[in-house]
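# Fold and geometry: a report
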Amino acid sequence: MKVKHFLSIQDLTAAEIKTVLKGAADLKKKQHSGMISEPLRGKTLAMIFSKPSTRTRVSFETGMTQLGGHAIYLGWNDLQLGRGETIADTARTLSRYVDVITARLFRHEDIVELARYSDVPVINALTDLHHPCQTLADLMTIQEHKGGLRGIKVAWVGDGNNVCNSLMLGCTLVGADISLACPGGYEPSQEITEKAKLNARKNGSKVEITHNPEEAVSEADVVYTDVFVSMGMEKEREARLKAFKGYQVNPQLLALAKRDVIFMHCLPAMRGIEVTDEVIDGSHSVVWDQAENRLHAQKSLLLWLLKRF
Ligand code: CP
Ligand code: NVA
């Protein structure tokens, strides 16, 4: 039987995203009411990380505990991977022990390789190209605050990075419009943009890409930004900070959006760089709900991949 992996948000159909989001909302309610339910008792998640993490690591590990299962944190260099064992052999071995694997890696091709040789579902916990778990939590958060997704205008201001790629695909799958403002040379991947445009045509939404933050944010329901220097790009820091001048989300920029706009950020935030304290700590910010929703969305994803609903 073919195993279902979650390497890109595009691995789910719009209907499957809806199912996972509905499951996430139910799990959140249960969690908040103190109900204990352990459908993953006896199940183990292996978590391979070759980059740092606060939210992804803790939400996956806590999520497995809450579902009655167990999670093992494995730094790349704690595994024999760090000494040259192949990704394929690691996947074959881990598949004999655990029920599901999540991995945060640099090259997207590496997680594709891991999934190719794994007999259990592989979940992308972030690569240089995608961050689909983030998108699930983002869509859940937008739905909670805006009452739906179709026709919502999401404005992305900043780097056309992994979080942006996944958000663009996710929005266009569920019928939300996305308007991006990125400096020249920092637009999202061409291939992913084409995919998103195709999604948009199929699902009746729009993708716009500009170099003008004011234009992208105009009349937006959601304004979203992320760091200008992603993990692994530290050497480009100086050039990037120069290129992203004028792309900060501050109260003046946010004022151009709808009055009831929500501000989102996947976190960690570099306060004073891509966003000001007034915005991230202000009344429009939903970043803590967004961070919390990582937990519920990933619990739902785990249950869905392990065929619990
Ligand atoms: N948003 C996110 O993935 O955060 P971490 O890097 O802390 O996991
Ligand atoms: N774009 C950021 C996201 C961190 C969650 C990075 O890749 O570092």
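Computed from a predicted structure; not experimentally measured.

### Some remarks on the site of ligand 1
- All residues in the neighbourhood of ligand 1 are listed as Ser53, Thr54, Arg55, Thr56, Arg104, His131, Gln134, Cys266, Leu267 and Arg294.
- Contact distances for ligand 1 include 2.7 Å between an oxygen atom and a backbone N or O atom of Thr54.
- Leu267 places a polar main-chain atom, nitrogen or oxygen, 2.8 Å from a nitrogen atom of ligand 1.
- Taking 260 Å² as the accessible area of ligand 1 by itself, protein coverage stands at 95%.
- For the shell around ligand 1, the per-class residue count stands at two nonpolar, five polar and three charged.

### Digging into the site of ligand 2
- Lining the immediate surroundings of ligand 2 are Leu126, Asn161, Asn162, Val163, Asp226, Val227, Ser230, Met231 and Leu267.
- In this structure, Ser230 approaches ligand 2 through a side-chain N or O atom, which is 2.8 Å from a nitrogen atom.
- Between ligand 2 and Met231, the relevant distance is 2.8 Å, taken from an oxygen atom to a main-chain nitrogen or oxygen of the residue.
- Protein chains bury 95% of the 270 Å² of accessible surface belonging to ligand 2 in isolation.

### So, the side chain of Ser59
- Summarising the element assignment, Ser59 is placed in helix H2 (residues 55-66).
- By relative accessible area, which is 9% here, Ser59 ends up buried.
- Among the polar contacts listed, one links the side chain of Ser59 to the backbone oxygen of Arg55, at a separation of 2.5 Å.
- One polar contact links Ser59 to Gln298, side chain to side chain, over a distance of 3.0 Å.
- Residues contacting Ser59, with those up to four places away along its chain left out, are Arg294, Leu295 and Gln298.

### Quick notes on the pattern of salt bridges
- All told, the structure shown has 15 salt bridges when counted by the stated rule.
- In this structure, Arg107 and Asp110 form a salt bridge, with 3.0 Å as the shortest nitrogen-oxygen distance.
- Looking at Arg107, the relative accessible area reads 45%, which means it is partly exposed.
- Where Asp277 meets Arg271, a salt bridge forms, and the shortest distance between an N and an O atom there is 2.9 Å.
- Given a relative accessible area of 40%, Arg271 falls into the partly exposed group.
- Salt bridges linked by common partners bring Arg107, Glu109 and Asp110 together as one network.

### Thoughts on the state of the cysteines
- Tallied over the entire structure, the rule returns zero disulfides.
- The closest cysteine sulfur to the non-disulfide-bonded Cys164 is located on Cys182, 5.2 Å from its own sulfur.
- Judged by its relative accessible area of 0%, Cys164 falls in the buried class.
- Classification of Cys182 by relative accessible area gives buried; the value is 0%.

### Details of the packing of aromatic side chains
- Enumeration according to the criterion identifies five aromatic pairs in this entry.
- With a centroid separation of 4.9 Å and 55° between ring planes, the pair formed by Tyr186 and Phe244 is classed as tilted. In this pair, Tyr186 sits in the loop between strand E6 (177-181) and helix H7 (190-203) while Phe244 sits in the loop between helix H9 (237-243) and helix H10 (251-254), placing the two residues 58 residues apart along the sequence.
- Taking relative accessible area as the criterion, Tyr186 reaches 18% and is therefore assigned buried.
- For the ring pair Phe244 and Tyr247, a centre distance of 6.2 Å and an interplane angle of 80° mean the geometry is edge-to-face.
- For Tyr247, a relative accessible area of 7% corresponds to the buried category.
- Connected via pairs of aromatic rings, a cluster forms that spans Tyr186, Phe228, Phe244 and Tyr247.
- Here the guanidinium or amino end of Arg57 rests over the ring plane of Tyr73, the centre of that ring lying 3.5 Å away.

Rules of the game
Residues numbered from 1 in each chain as written. Chains lettered and ligands numbered in written order. Predicted model: local features only at pLDDT ≥ 70, side-chain atom pairs only at ≥ 80, totals over all residues. Heavy atoms only, no water. Near = heavy atom within 4 Å. Polar contact = N/O pair within 3.5 Å; in protein donor to acceptor, adjacent residues only side chain to side chain. Areas by Shrake-Rupley, 256 points an atom, 1.4 Å probe, with all protein chains shown as cover. Nonpolar A, V, L, I, M, F, W, Y, C, P; charged D, E, K, R; others polar. Helix = DSSP H or I, 4+ residues; strand = E, 2+ residues; numbered from the N terminus. Buried < 20%, exposed > 50% of the residue type's maximum accessible area, 1.4 Å probe, protein only. Contact = heavy atoms within 4.5 Å. Salt bridge = Lys/Arg side-chain N within 4 Å of Asp/Glu carboxyl O. Disulfide = S-S within 2.5 Å. Phe/Tyr/Trp six-rings, centres within 6.5 Å; stacked < 30°, edge-to-face > 60°. Lys NZ or Arg CZ within 6 Å of the ring centre and 35° of its normal.

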